[in-house]
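Observations on chain architecture
In case you want the letters, here they are:
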Amino acid sequence: MTKIFETIKKPLLTEKSLILRDTNNCYCFVVEKTANKHEIREAVEKIFNVTVENIATIPLRGKVKRMGRFAGKRPDLKKALVTLKKGDKIDTVETASK
């Protein structure tokens with residue numbers, strides 16, 4: 001079992017995730033690859049003091065990228081889509097960019 005603050009790495013702030021947040025009260029996070037839904041639920045509820053309704057996890061394989069004749073690989077990721085109870089919300093950092 002991983003520690004609570006190691007489970008969630010960072011929030012995902014993309015156009016699609018912002019639309020999900022506004023329409024479905026669903027927040028996207030990059031999480032530890034070995035974390036399961038129970039650990040993610042516990043971490044989100046304790047860190048942000050909200051009630052989680054549903055969690056969907058998506059493992060992503062890193063792409064192979066080339067720069068001339070050299071090839072490298074981006075790291076593998078795991079995304080978590082966390083749906084909160086109606087009325088709960090998480091303050092994220094996108095307000096600093098406005």
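Everything quoted here is computed from the prediction, not taken from an experiment. (Residues numbered from 1 in each chain as written. Predicted model: local features only at pLDDT ≥ 70, side-chain atom pairs only at ≥ 80, totals over all residues. Heavy atoms only, no water.)

Attention now goes to the environment of Pro59. Considering the arrangement of structural elements, one finds Pro59 in strand β3 (residues 52-60). With residues near it in sequence (within four places) discarded, Pro59 still touches Leu77 and Lys78. (Helix = DSSP H or I, 4+ residues; strand = E, 2+ residues; numbered from the N terminus. Contact = heavy atoms within 4.5 Å.)

Right, let's get into unusual backbone geometry. Of note, Asn25 is a non-glycine position whose phi angle comes to about 55 degrees, a positive value. Inspection of the secondary structure assignment puts Asn25 in the loop between α2 (15-24) and β2 (26-31). Relative accessible area serves as the criterion here: at 16%, Asn25 is assigned to the buried category. Located in the positive-phi region is Asn49, a residue other than glycine, with phi close to 55 degrees. Here Asn49 is to be found in the loop between α3 (37-48) and β3. (Buried < 20%, exposed > 50% of the residue type's maximum accessible area, 1.4 Å probe, protein only.)

Summed over all chains, the structure comprises 3 salt bridges. The shortest N-O distance in the salt bridge between Arg21 and Asp22 comes to 3.3 Å. Lys73 serves as the salt-bridge partner of Asp76, at 2.9 Å between the closest nitrogen and oxygen. The class of Lys73 is exposed, set by a relative accessible area of 52%. (Salt bridge = Lys/Arg side-chain N within 4 Å of Asp/Glu carboxyl O.)

Time to look at the pairing of strand β4 (residues 64-67). Strand direction decides the pairing type here: β4 and strand β5 (residues 70-73), joined by 4 bridges, are antiparallel. Within β5, the position partnered with Lys65 by the bridge is Gly72. Linking β4 back to β5 in an antiparallel pair, the connection comprises 2 residues, with Gly68 at a positive phi of about 70 degrees. (Pairing = 2+ DSSP bridges.)

Applying the stated criterion to the full structure yields 1 cavity of 30 Å³ or more. Taken as a whole, the largest cavity spans an internal volume of roughly 70 Å³. Contributing to the lining of the largest cavity are Pro11, Leu12, Leu13, Ser17, Leu18, Arg21, Cys26, Tyr27, Cys28, Phe29 and Thr92. When the residues that make up the lining of the largest cavity are grouped by side-chain class, the tally is 8 nonpolar, 2 polar and 1 charged. (1 Å grid on protein atoms, 1.4 Å probe; cavity = no way out; pocket = protein on both sides within 12 Å on 5 of 7 lines; lining within 4 Å. Points joined across faces, edges and corners; volume = space filled by probe spheres on them. Nonpolar A, V, L, I, M, F, W, Y, C, P; charged D, E, K, R; others polar.)

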